[in-house]
Amino acid sequence: MYPNKILLETLESKHSEYVQLLPALQEIDLLVTGGYRLKNAIRQFLPQKAGEELEVYETRLKKYTYLNILSSNLNEQISKLSNAPLIVDGLEANPSFWANFREDSDLNGRSERNLINLIFREILKFKKVYIHVDKNQVDVTPLNRLQEEALGLRPYCVTYSAMQVTNWSESKGKLDWIKVRQIREDSSNPIAPSQMVATWTFIDGTYIAKYSAIVELDAKGNISKLSNENVNSESDVQLLSLVEHGFGEVPVLKVELPDQLWVCDQAASKALEHLRTDCSKYDLLTLAYFQRSFKRVQTPDDDIQNSYENETEIPTGLQYVTELEKFEWNEPHGYIVEHMSSSLRAIEDQVRDLISSGGVSSSNGAITQSGVSKQMDFQKQEIMLRAYGEILIDVYQDVLQLVAKAAGLNGDNISCTGLNSFENDSLDSLIMKVDSVSKIDVEGLKAKLPPTVFDIVYNQLVGMLAGNLSSLQKEQVAKEIALLHSSNQTLDTSIV
């Protein structure tokens, strides 16, 4: 199916959805990353104004500043979800194997929690991410799992960004194949110049095929040269490897958010507005504090028809000044400073609200608020975090089941729960919950409700008080509730 050589034009073909989303993804990536990468691409976000002189534009770029409100709010959202409990059941049969995987999911020390955080960050930024469950290949075929462990062969996870997966096909909600395009710098030879290496990886239900070549890139990231030769329609790339993975299905999971949960799609434009407003404040402050006017210099001469000469403008150092009958310096009131500061704070609050990483309390005296008021303010955030948690729980359960399949284990009993309890003030909240439950007249409630309805309500109360529970814990709690009810019924009967 995969030839020894394939045209570069075929390798560089892209899905229409990828082409449509790529500019937005690149903009989001720069705004979230910030730092030197954003500074190097600042002309993209601060274009030259109409009529603006080049020297003035270059000076304006040098005054670039950026407060990375997008990344800080994403980090807060990720941190809150990371603190939620995660319970995994069904791993008891192979505790050593699963302990190793959960401590090192990529053979490079990445823990289970860091893997989930990475997935969460990617989908918040780019809406989707791809998780590839792979297994090292060796020349010797192991005869059993003990030999696999001795050779260091165990499944691991590789994540691909939405900007790396350039083409794909799917049917009935499942991937048929994907193509991953990766560019890396090869500096393995210490006495030779580093080289850019492009790799295209095809993953389908049977094979993993890789094509690779040394390339040169233009300013837009497109391949301009291929192995020191100019690119043309006949340029082709050599097959690097072809491996039969043995999964019987595509060993890649796609995680994708619904549009309403893709926060960076909306928040990036506000972050860009903040950047431009923040960068323009220097010019506005300059205009506010140095309002200049001038009068042309007029020198009398002997020519009555032309009474004045040398009517040239005086260089003022500013691009725009006002010509009046006199030269003067005006003392400003500083209103522009207040407007700029107010606008920047409003944009920061809008970004925070879009990402739901602070609610109303983030800008309205959170320190002086009561626990109940804080909880109400963070209600929107709780709802969104629960929605994210449900998606991540389902995905991670699928990941573990795919890992089990790669290791030759039974993954049908694996289940994940949790990521649905996010207390902003855990001690105060727990005390309020216990206090509220203790005030409930359980016997009076039992007398007023049908037995079945009472059991449902009672179980809901206990569940809300206990928070995250594994399936085994839920089963044990249900048994204890039933035992408690039966003992109370026995007590009531003996009293009668």
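Scroll up to find the structure this text is about.
Draft legend 1. The arrangement of the overall build of the protein in detail. Along its length, the protein carries 17 helices and 18 strands. Within the protein, the fraction of its 496 residues that count as buried is 35%. Put simply, 70% of the contacts in the protein that link residues at least 6 apart link residues at least 24 apart. As presented, the protein carries roughly 28,900 Å² of accessible surface, and 52% of it is formed by carbon and sulfur atoms.

Draft legend 2. Inspection of unusual backbone geometry at higher detail. Backbone geometry at leucine 107 places phi at a positive 65 degrees, although glycine is not the residue there. In this fold, leucine 107 is placed in the loop between α7 (95-103) and α8 (112-126). One non-glycine residue with positive phi stands out, namely lysine 172, at about 55 degrees. On the secondary structure map, lysine 172 appears in the loop between β5 (165-171) and β6 (174-186). Since its relative accessible area comes to 89%, lysine 172 is described here as exposed.

Draft legend 3. View of the packing of helix α2 (residues 16-33) against α8. Contact pair α2 / α8: the axes reach a minimum separation of 9 Å and the direction vectors enclose 125 degrees. As summarised for this structure, α2 and α8 are arranged oblique, according to the angle between their axes. Facing Leu25, Ile28, Asp29 and Val32 of α2, the residues of α8 in contact are Arg121, Lys125 and Phe126. Looking at the contact of α2 with α8 residue by residue, the classes come out as four nonpolar, no polar and three charged.

Draft legend 4. Representation of the pattern of salt bridges. Evaluation of the coordinates by the stated rule reveals 16 salt bridges. Linking arginine 102 and glutamate 112 is a salt bridge whose minimum nitrogen-to-oxygen distance equals 2.6 Å. Of the two residues, arginine 102 sits in helix α7 while glutamate 112 sits in helix α8, which places them ten residues apart along the sequence. Classification of glutamate 112 as buried rests on a relative accessible area of 11%. Linked by salt bridges that have partners in common, Lys127, Glu170, Lys254, Glu256 and Asp259 make up one network.

Draft legend 5. Examining the environment of glutamate 112 more closely. Remark: the alpha-carbon pair of glutamate 112 and arginine 102, spanning ten residues in sequence, is separated by 4.8 Å. Not counting residues up to four positions away in its chain, the partners in contact with glutamate 112 are Leu86, Val88, Arg102 and Tyr396.

Draft legend 6. Broad picture of the side chain of arginine 154. Tracing the backbone through its elements, the reader meets arginine 154 in the loop between α9 (145-150) and β4 (156-161). A relative accessible area of 15% means that arginine 154 is categorised as buried. A polar side-chain atom of arginine 154 sits 2.7 Å from the main-chain carbonyl oxygen of aspartate 104. Aside from chain neighbours lying at most four places away, what touches arginine 154 is Phe97, Asn100, Phe101, Asp104, Leu107, Asp134 and Lys135.

Draft legend 7. Structural detail: the packing of aromatic side chains. In the structure shown here, the tally under the stated rule is seven aromatic pairs. Where tryptophan 98 meets phenylalanine 101, the ring centres are 6.2 Å apart and the plane angle is 90 degrees; that geometry is what we call edge-to-face. Remark: phenylalanine 101 and tryptophan 98 occur in helix α7; sequence separation between them is three residues, near one turn of the helix. Residue classification places phenylalanine 101 among the buried residues on the basis of a relative accessible area of 1%. Here the aromatic residues Tyr2, Phe202, Tyr207 and Tyr211 are joined through ring pairs into a cluster of three or more.

Draft legend 8. Representation of the environment of glutamate 52 within the structure. Residue placement: glutamate 52 occurs in the loop between α4 (42-45) and α5 (54-62). By relative accessible area, glutamate 52 is classed as buried at 10%. Reaching out from glutamate 52, the side chain makes a polar contact with the side chain of arginine 60 at a distance of 2.9 Å.

Draft legend 9. Layout of the pairing of strand β7 (residues 195-204). Taking burial as the measure, the ten residues of β7 include eight buried ones, the bulk of the element. Across ten bridges, the pairing between β6 and β7 is antiparallel. Among the inter-strand pairings, aspartate 186 is bridged to a residue of β7, identified as glutamine 195. Across eight bridges, the pairing between β7 and strand β8 (residues 207-217) is antiparallel. Within β8, the position partnered with isoleucine 203 by the bridge is isoleucine 208. Remark: two residues form the turn of the hairpin made by β7 and β8, two consecutive strands paired antiparallel.

Draft legend 10. Local environment of the sheet that holds β4. Spatial strand order, β4-β3-β12: three strands in an open sheet with antiparallel pairing. Since the sheet does not close on itself, it has two edges, and those belong to β4 and β12 (252-256), each with one partner. Adjacent strand axes in the sheet meet at a mean angle of 25 degrees, parallel and antiparallel pairs treated alike. Pairing geometry for strand β3 (residues 128-134) and β12, over five bridges, is antiparallel. Counterpart to lysine 128 in the pairing with β12 is glutamate 256. The strands that α8 touches are β3, β4 and β12; relative to β3, the one it contacts most, it runs at about 145 degrees. Set on the sheet, helix α13 (residues 379-406) makes contact with β3, β4 and β12; between it and β12 the angle comes to about 175 degrees.

Draft legend 11. Representation of the pairing of strand β2 (residues 86-89) in the model. The two faces of β2 match: Leu86 and Val88 on one face and Ile87 and Asp89 on the other face are all buried. Both β2 and strand β18 (residues 415-418) contribute to a ladder of four bridges, which runs antiparallel. Residue pairing in the sheet places leucine 86 in a bridge with glycine 418 of β18.

Conventions we followed
- Residues numbered from 1 in each chain as written.
- Predicted model: local features only at pLDDT ≥ 70, side-chain atom pairs only at ≥ 80, totals over all residues.
- Heavy atoms only, no water.
- Helix = DSSP H or I, 4+ residues; strand = E, 2+ residues; numbered from the N terminus.
- Buried < 20%, exposed > 50% of the residue type's maximum accessible area, 1.4 Å probe, protein only.
- Contact = heavy atoms within 4.5 Å.
- Areas by Shrake-Rupley, 256 points an atom, 1.4 Å probe, with all protein chains shown as cover.
- Axes fitted to C-alpha atoms, helices over the stretch in contact; angles between N-to-C directions.
- Parallel < 35°, antiparallel > 145°, perpendicular 65-115°, else oblique.
- Nonpolar A, V, L, I, M, F, W, Y, C, P; charged D, E, K, R; others polar.
- Salt bridge = Lys/Arg side-chain N within 4 Å of Asp/Glu carboxyl O.
- Polar contact = N/O pair within 3.5 Å; in protein donor to acceptor, adjacent residues only side chain to side chain.
- Phe/Tyr/Trp six-rings, centres within 6.5 Å; stacked < 30°, edge-to-face > 60°.
- Pairing = 2+ DSSP bridges.

None of this, on its own, says anything about what the molecule does.
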